[in-house]
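# Descriptive structure summary
Now for the letters of each chain:
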Amino acid sequence: MTAASTARTDALRALTIPRHLLPADGRFGSGPSRIRAEQMESLRSVSATVLGTSHRQAPVKDLVARVRSGLSELFALPEGYEVVLGNGGSTAFWDVAVFGLIEKRSQHLVLGEFSQKFASESAGAPHLAEPEVLRANPGEVPQAVASAEVDAYAWPHNETSTGVMIPVARPDGAGDGQLVLVDATSVAGAASVDITQTDAYYFAPQKAFASDGGLWLSVLSPAAIERAERLGQDSSRWIPSFLSLTSAIDNSRKDQTLNTPAVATLVLLAEQIDWILAQGGLAWADERTRTTSGMLQSWAERREEITPFVADPAARSQVVTTLDVDESIDATAITSLLRAHGVVDIEPYRKLGRNQLRIATFPAVDVEDVASLIEVLDHVLDSTADA
Ligand SMILES: *Cc1c(COP(=O)(O)O)cnc(C)c1O
């Protein structure tokens, strides 16, 4: 049981939020996240020419080419870097990396659920040594430490479960033969990044790219491609064909995937990449998500019932804002009330188990909608304060 006041919970359950306060689009989830109406329009417009046609023919291959070249432009790909993709989402890419990028031993920063999952995959792989794991409490940031014992470093650019962002920079003293694998699933396309600091900057399309799930995409450095090719030729290492990075590289160079991709996901993704580019690229997206997340942080400063979960302002995510609610108020009653009014997916990450709101501000989330959400939350808190 929480320490929440029953009277206040009852008042929250009974409240009706005036319609004029509600945001035009009530989706604030951390993924799958809101898809813009224009993206859905484009899906309809290609419904007869691309959807339902062969993924080995020009219309779908052109779409894959559009995604790959759009991402190359968005991330200002350095010489020799390539955009590679495959089926299965970021979760599949962890296994792709375990087979095709980590040679003997990896180092993992673990600071929440997603970073833990990759570390567990690596720890469970019989062909790899026990990984070095550097942990921090949820809401805090561990530091990567150069180690001669590892051939790959792994951390999330944004830990979606806690709303912590980590800088993307090679650890001081990291050697040439050591790869940097960055899980950018929830922040790629929303924040500036220097791709030269990474060897695999990987993500899935259902978060900042406002598409649907099921694909992984990874920007690979020449060193990562070289590692994948070398490990792929090592006959002592069994690599399942679905998880073969060399096969994904070969297929991507032909603008296709090993097996059938979700074509609609590619259409929505291509539209969002082109839209971000048209708005001003990554610099624009970075500025926008700093603005919208900053609005939520300032709101938290204004409200005594609300405290940012991530204590260090420098570690707060610009795409996933986690806000603790005072224990006298049941946060679940707030999220349920908002859900009943069409404002959805601001519940905290389930395993974190906190009295919290978690609000995503991906590039597709308008400034006006965040302003409306804040008005709604003010209304909800103010009108039940005396209960
Ligand atoms: C959502 C998420 C994942 C999992 O992505 P899937 O495409 O569902 O496998 C992995 N890492 C991070 C940081 C995420 O936010």
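This structure is a prediction, so every number in the text was calculated from the model and none was measured.

## Thoughts on the sheet that holds strand E12 (residues 356-360)
Strands in a sheet are paired, the pairing made by backbone hydrogen bonds, and the direction either parallel or antiparallel. Strand order across the open sheet formed by three strands is E10-E11-E12, with antiparallel pairing between neighbours. Every interior strand has two partners, whereas the edge strands, strand E10 (306-308) and E12, have only one. Each neighbouring strand pair of the sheet contributes to a mean axis angle of 30°, computed without reference to strand direction. Bridge analysis of E10 against strand E11 (residues 320-325) gives three bridges, and the strand direction is antiparallel. Residue pairing for E11: isoleucine 306 is matched across the bridge by valine 325. Contacting E10, E11 and E12, helix H9 (residues 281-302) runs over the sheet at an angle of about 15° to E11.

## Some details on the packing of aromatic side chains
One pass over the full model with this rule turns up 10 aromatic pairs. Judged by centre distance (5.4 Å) and plane angle (35°), the ring pair of phenylalanine 203 and phenylalanine 209 falls under tilted. Residue phenylalanine 203 shares its accessibility class with phenylalanine 209, and that shared class is buried. Linked through ring pairs, Phe93, Trp94, Phe118, Tyr202 and Trp216 together constitute an aromatic cluster. The ring of phenylalanine 28 has arginine 34 lying over it, and the distance from NZ or CZ to the ring centre is 5.0 Å. If you follow lysine 207 out to its NZ or CZ, it ends over the ring of phenylalanine 114, 4.9 Å from the centre.

## Thoughts on unusual backbone geometry
Here the amide bond leading from glycine 31 into proline 32 is cis, since omega sits at -5°, within 30 degrees of zero. Within the secondary structure, proline 32 sits in the loop between helix H1 (6-14) and helix H2 (37-45). Its identity as a non-glycine residue notwithstanding, alanine 210 has a phi of 55°, on the positive side.

## Section: the pattern of salt bridges
Pairing between side chains of opposite charge can happen when their charged atoms approach one another. For the structure shown, the criterion picks out 26 salt bridges. As a salt-bridge pair, arginine 27 and aspartate 25 come within 2.9 Å of each other at their nearest N and O atoms. The salt bridge partner of glutamate 41 is arginine 44, with a shortest N-O separation of 3.0 Å. With glutamate 41 and arginine 44 both in helix H2 and three residues apart, this pair spans about one turn of that helix. For glutamate 41, a relative accessible area of 45% gives the class partly exposed. Classification of arginine 44 by relative accessible area gives exposed; the value is 51%.

## Here we look at helix H6 (residues 222-233)
With 12 residues, H6 extends 17 Å from end C-alpha to end C-alpha; this agrees with the ideal 16 Å at 1.5 Å per step. Those residues of H6 that fall on the buried side of the exposure criterion are Ala224, Ile225, Arg227, Ala228 and Leu231. Along the axis of H6, the buried residues cluster in a sector spanning 160°; they form a single face. Looking at the buried positions of H6, the neighbouring elements they touch are strand E1 (82-87), helix H4 (89-100), strand E7 (179-183), strand E9 (215-220) and helix H7 (245-253).

## So, the environment of glutamine 233
One can find glutamine 233 in helix H6. Put simply, glutamine 233 and threonine 246 are 13 residues apart on the chain and 9.5 Å apart in space, counted from C-alpha to C-alpha.

## Remarks on helix H5 (residues 113-124)
Relative to the 16 Å expected for 12 residues at 1.5 Å per residue, H5 spans 16 Å between its end C-alpha atoms, a close match to the ideal helical length. Among the residues of H5, those classed as buried are Phe114, Ser115, Phe118, Ala119 and Ser122. Projected down its long axis, H5 shows its buried positions confined to an angular sector of 140°, all on one face.

## Description of the UniProt feature "domain: Aminotransferase class V" (unreviewed entry) in the protein
Taken from the UniProt record, the annotation "domain: Aminotransferase class V" (unreviewed entry) applies to residues 51-343. Taken end to end, residues 51-343 is 38% helix and 16% strand, and its first and last C-alpha atoms sit 31 Å apart.

## Overview of the site of the ligand
Taken together, 13 residues sit near the ligand, with Thr91, Thr160, Asp183, Gln206 and Lys207 positioned nearest. One nitrogen or oxygen atom from the side chain of threonine 91 is found 2.5 Å from an oxygen atom belonging to the ligand. Side-chain polar atom of glutamine 206 to an oxygen atom of the ligand: 3.0 Å apart, as the coordinates give it. Across the complex, the protein chains shield 88% of the 390 Å² of accessible surface that the ligand would expose by itself. With four residues, H4 is the single largest residue contributor to the shell around the ligand.

## Focus on the nonpolar core
In a soluble, globular protein the nonpolar side chains are often hidden away together inside. Judged by nonpolar contacts, the single largest core of 90 residues is most densely connected at Leu71, Phe75, Leu181, Tyr201, Phe209 and Leu245. Examining the composition of this core, we find that 10 residues originate from one element, helix H8 (residues 263-279), more than from any other. Looking at which domains feed residues into this core, each of domain 1 (3-36 + 280-383) and domain 2 (52-278) supplies at least three. Ignoring anything within four residues of it in the chain, the contact list for leucine 181 reads Ala97, Leu101, Ile102, Phe118, Ala152, Tyr153, Ala154, Trp155, Ala200 and Tyr202. Judged by nonpolar contacts, the second largest core, of 29 residues, contains Leu15, Val343, Val376 and Val380.

Rules used in this analysis
Residues numbered from 1 in each chain as written. Predicted model: local features only at pLDDT ≥ 70, side-chain atom pairs only at ≥ 80, totals over all residues. Heavy atoms only, no water. Pairing = 2+ DSSP bridges. Helix = DSSP H or I, 4+ residues; strand = E, 2+ residues; numbered from the N terminus. Axes fitted to C-alpha atoms, helices over the stretch in contact; angles between N-to-C directions. Contact = heavy atoms within 4.5 Å. Phe/Tyr/Trp six-rings, centres within 6.5 Å; stacked < 30°, edge-to-face > 60°. Buried < 20%, exposed > 50% of the residue type's maximum accessible area, 1.4 Å probe, protein only. Lys NZ or Arg CZ within 6 Å of the ring centre and 35° of its normal. Salt bridge = Lys/Arg side-chain N within 4 Å of Asp/Glu carboxyl O. Expected span 1.5 Å × (residues − 1). Arc of directions from axis to C-beta. UniProt positions renumbered as here; feature names shortened; annotations may be inferred. Near = heavy atom within 4 Å. Polar contact = N/O pair within 3.5 Å; in protein donor to acceptor, adjacent residues only side chain to side chain. Areas by Shrake-Rupley, 256 points an atom, 1.4 Å probe, with all protein chains shown as cover. Core = buried A, V, L, I, M, F, W, Y, C linked by side-chain atoms within 4.5 Å. Domains from an automatic or database assignment.

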